[in-house]
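# Structural features, examined
Okay, here's what each chain looks like letter by letter:
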Amino acid sequence: MSVDLHDRLLSVIGALVRWLVYAMLLLPAIIVVATSLTPGTTLTFPPPGISLRWYIAAWESSLFMNALGLSLKLAALATVCSLVIGLAATFALDRHAFRGRDLIQSFLLSPLLIPTVVLGLGLIQFFVWIGLNQTFAGLLLGHIVITLPYVVRTLTASMVLFDRNLEQAAMSLRATPTTVIRTITIPLLLPGIISAMVFAFVTSFGNVTLSIFLSYEDKITLPVHVLTYVEQNYDPLVAAVSSIVIFVTVLTIFLADRLSGSKPVI
Amino acid sequence: MQAQNVVVSFKNIQKTYGGVKAVAAISLDIRKGELVCLLGPSGCGKTTTLRMLAGFIDPTGGDISIEGQDVTKLPAYRRDIGIVFQNYALFPHMTVAKNVEYGLVNIGMRKAERRERIQDILRRVELQHLSDRYPRALSGGQQQRVALARALALQPKVLLLDEPFSNLDAQLRVRLREDLHGLIKSLNMTTLFVTHDQEEALTLADRIVVMNQGLVEQIGSPEEVYDAPASRFVAQFIGTCALLEGNIDGSGLFTSNGGLRLPTKANPGPATVVVRPEFVRRADELATLQAHHARVEASDYHGHVSRLQLSIGYDQLLMDARFPVGMKPQRGDTIKIAIDPGGVRVVPNQV
């Protein structure tokens, strides 16, 4: 009897903890999206009604729209660059045994270990020194630095699982190395590549800490803009903008999932 | 051996990894249509040898030629070979037909001709009804046949098989082995086959290359390596046997260290003698020969025979025999046996 009670108690507590975790994960996003739909002029939850007026306001705010454009462009470029660098690096690390391989591997992952504030401070001083401060190139370079570890990590994981016999089989079937890469290696690594791109894109798109250091004049990314806006204003416009950030992120993951076929990306 | 019949020729091929010899020095000629088997325990260098022929591993020394052309420096995609891997290595993102077509596209064959070739080869391996399936939807045996079809579609000069049966269950293995043998022979395909399974080697191969620790222990027909093993290793690795150490006197009589005497035709001196279990018989079956009293140390029932571990004094022997129901000797029994001299082989003593 008491054992039975004990088991039931445990399962109830288990369910409670589970739902608590889900709530903690999802509630912030739900609250932000809900408040963004308010017809009023203050951030209130739950909203007194439903209206899209703040989305229209966001759409009409050239400041936020410019920032969104910049953030998308920055995230896309950072993703492509870190994918190219990361793919080449992971190939070398996976396929060749050379001196200092572990060192390079750790080096590529090191931006994950260094606090982004420190990274930002270091980068801004470095960019001042080499003359890249307050340039788009500097901003992009900074974002490549923080997205690269995610790319390397994800690609390394999928390359470890890659069966090298497949490439050798293709070679024995008269495929030249370029043909092997085009028809065998890349198609089979595609889920890993897409997942690396998603991580890179989302990391860059949502980054605040580094962008605060590297943003300048009209080149201010959306999350930084949201942060500075909240410091002075408290209207639902910022909730609408934040919701847009959430939508972009979810859409990215959804599209990536569709693109990679049956295998889930994340 | 006619030189023009040689398809594959290894000349003094070596491979060392950081000072460790994986393959010491192999020289081997494979003739047109011949099925040669590299047999040995894992780590003996057999797979390394196969991969050097395929072009996946660069030899440290020596030359490899295919139909007289030196291919030692040629990349894998310029060698005329087909290979079936242990795990088959089918392209998981392509259907059966696409897998088979892959090589044909690479050599620039026309579409109509490709379709004909795919049909033909899939019919030969009895898989034409599965041509639109993906590899993951196939059984192990079917995957193996797709891998074979893919390798054979290009009509290579040599077919390489790297333990192609090791992932299959025992019954299927025997059936597919027979199918494979029939197919290879009907195509007159020159084949190099790697296995650690001596039964596979004995049933399939025209010639067996027994390897151990990077060295060739013996090259010969299945009958030669089984009946006349060139070394202790070959005797023990292929089939089961008892080894007796001893001396041969001037009249060819072998006396073991335990005192057992067996007639041989070998030269005098210290020697090791191989006695296969099927040549140890009940004394009443070989009444003309000297009988020995042997103590049964262990007895295993195998269905078609019982295998007994016997001791005669200090000598250990194995015996395969049938006994009437209820008459099977038990551990501790003493039975009378005779040793068929036709089955006694002398192996050179390596010091």
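Predicted model only: the values in this text are computed from it and were never measured.

Turning our attention to the sheet that holds strand β18 (residues 315-321) of chain B. In a beta sheet, neighbouring strands pair by backbone hydrogen bonds and run either parallel or antiparallel. All names here are of chain B. The five strands lie next to each other as β15-β19-β16-β17-β18, forming an open sheet whose pairing is antiparallel. Edge strands, defined here as strands with exactly one partner in the open sheet, are β15 (280-282) and β18. Going across the sheet, the axis of each strand differs from the next one's by a mean of 50 degrees, ignoring polarity. Summarising the sheet, β15 and strand β19 (residues 334-339) pair through three bridges and their orientation is antiparallel. Paired with R282 across the strands is I337, a residue of β19.

Quick look at the interface of chain B and chain A now. Listed as interface residues are 23 residues of chain B and, on the opposing side, 19 residues of chain A. Looking at the side of chain B facing chain A, the largest losses of area belong to Y77, H93 and Y102 of chain B, adding up to 32% of the total buried there. Inspection of the chain B/chain A interface yields one salt bridge. D80 of chain B is the partner of R174 of chain A in a salt bridge, and the nearest nitrogen-oxygen pair spans 2.5 Å. For the interface between chain B and chain A, the tally reads nine residue pairs in polar contact (both at pLDDT 80 or more).

The biggest cluster of nonpolar side chains holds 98 residues, and the ones touching the most others in it are I184 of chain A together with F10, L53, F91, L160 and L192 of chain B. When near neighbours in sequence (up to four residues on either side) are disregarded, L53 of chain B contacts V8, F10, I64, I66, R79, V158, L160 and L192 of chain B. Judged by nonpolar contacts, the second largest core, of 22 residues, contains M319, I335, I337 and V344 of chain B.

Right, let's get into the pairing of strand β4 (residues 61-66) of chain B. Residues and elements named next belong to chain B. Where strand β1 (residues 6-17) and β4 come together, five bridges link them in antiparallel fashion. Residue V8 lies in a different strand from β4, and its bridge partner there is I66. Inspection of the sheet shows β4 paired to strand β5 (residues 69-70) by two bridges, in the antiparallel sense. The residue bridging I66 from the neighbouring strand is Q69, located in β5. Here β4 folds back onto β5 in antiparallel fashion, the turn holding two residues, of which E67 has a positive phi close to 50 degrees.

Let us look at the layout of surface pockets. Residues and elements named next belong to chain A. Approximately 360 Å³ is the volume attributed to the second largest pocket. Counting only elements with at least two residues in the lining of the second largest pocket, the list comes to α3 (62-95), α7 (164-172) and α8 (177-206). Here the residues of the lining of the second largest pocket are counted per class, giving seven nonpolar, three polar and three charged.

Residues and elements named next belong to chain A. Judged by side-chain polarity, L9, I13, V17, W19, V21, Y22, L25, L26, L27, I30, I31 and F45 come together as a nonpolar surface patch covering roughly 1,200 Å² of accessible area. Its place among the elements puts L27 in helix α1 (residues 2-36). The partly exposed category is assigned to L27, whose relative accessible area is 40%.

Residues and elements named next belong to chain B. Compared with an ideal rise of 1.5 Å per residue, which puts 17 residues at 24 Å, helix α5 (residues 170-186) spans 25 Å between its outermost C-alpha atoms and is within 8% of the ideal. Taken residue by residue, α5 has L176, R177, L180, L183 and I184 as its buried positions. Mapping the buried residues of α5 onto a view down its axis gives an arc of 135 degrees, with all of them on the same face. Exposed positions of α5 whose direction lies more than 90 degrees from the buried face are Q171, E178 and S186. On its buried side, α5 packs onto β3 (35-39), α3 (111-124), α4 (140-153), β7 (158-162), β8 (190-195) and α6 (198-204). In the segment just after α5, N188 is the residue with positive phi, at about 55 degrees.

Residues and elements named next belong to chain B. Partitioning chain B into structural domains gives domain 1 (3-233) and domain 2 (242-347). Here domain 1 and domain 2 have C-alpha centroids that lie 39 Å from each other. Each side of the interface is counted separately: domain 1 has eight residues, and domain 2 has eight residues. Taken together, both faces of the contact between domain 1 and domain 2 bury some 680 Å²; the carbon and sulfur share is 50%. On the domain 1 side of the interface with domain 2, the three residues burying the most area are Y226, P229 and R232, jointly 74% of the side's total. Counting across the domain 1 and domain 2 interface gives one salt bridge.

Next up on the list: the packing of aromatic side chains. The full count for this structure, using the stated rule, is 10 aromatic pairs over all chains. Summarising the aromatic geometry, the rings of Y150 of chain A and F199 of chain A are spaced 6.4 Å apart at their centres and angled 20 degrees between planes, so their arrangement reads as stacked. With Y150 of chain A in helix α6 (residues 136-160) and F199 of chain A in helix α8, this pair connects stretches of sequence that are 49 residues apart. We classify Y150 of chain A as partly exposed; its relative accessible area is 31%. For the pair F201 of chain A and F205 of chain A, a centre-to-centre distance of 5.9 Å together with 10 degrees between the ring planes defines the contact as stacked. Of the two residues, F201 of chain A and F205 of chain A both sit in helix α8, four residues apart, roughly one turn of that helix. Each member of the aromatic cluster is reached from another via a ring pair, and the members are F126, F127 and W129 of chain A. We note K15 of chain B situated over the ring of Y17 of chain B; from NZ or CZ to the ring centre the distance is 5.1 Å. Cation over ring: R150 of chain B sits above F91 of chain B, and NZ or CZ is 4.5 Å from the ring centre.

Reading the values: rules and limits
Residues numbered from 1 in each chain as written. Chains lettered and ligands numbered in written order. Predicted model: local features only at pLDDT ≥ 70, side-chain atom pairs only at ≥ 80, totals over all residues. Heavy atoms only, no water. Pairing = 2+ DSSP bridges. Helix = DSSP H or I, 4+ residues; strand = E, 2+ residues; numbered from the N terminus. Axes fitted to C-alpha atoms, helices over the stretch in contact; angles between N-to-C directions. Contact = heavy atoms within 4.5 Å. Buried area = accessible area lost by both parts, 1.4 Å probe. Salt bridge = Lys/Arg side-chain N within 4 Å of Asp/Glu carboxyl O. Polar contact = N/O pair within 3.5 Å; in protein donor to acceptor, adjacent residues only side chain to side chain. Core = buried A, V, L, I, M, F, W, Y, C linked by side-chain atoms within 4.5 Å. Buried < 20%, exposed > 50% of the residue type's maximum accessible area, 1.4 Å probe, protein only. 1 Å grid on protein atoms, 1.4 Å probe; cavity = no way out; pocket = protein on both sides within 12 Å on 5 of 7 lines; lining within 4 Å. Points joined across faces, edges and corners; volume = space filled by probe spheres on them. Nonpolar A, V, L, I, M, F, W, Y, C, P; charged D, E, K, R; others polar. Patch = residues over 30% accessible without salt bridge, like charges linked within 9 Å, V, L, I, M, F, W, Y side chains within 5 Å. Areas by Shrake-Rupley, 256 points an atom, 1.4 Å probe, with all protein chains shown as cover. Expected span 1.5 Å × (residues − 1). Arc of directions from axis to C-beta. Domains from an automatic or database assignment. Phe/Tyr/Trp six-rings, centres within 6.5 Å; stacked < 30°, edge-to-face > 60°. Lys NZ or Arg CZ within 6 Å of the ring centre and 35° of its normal.

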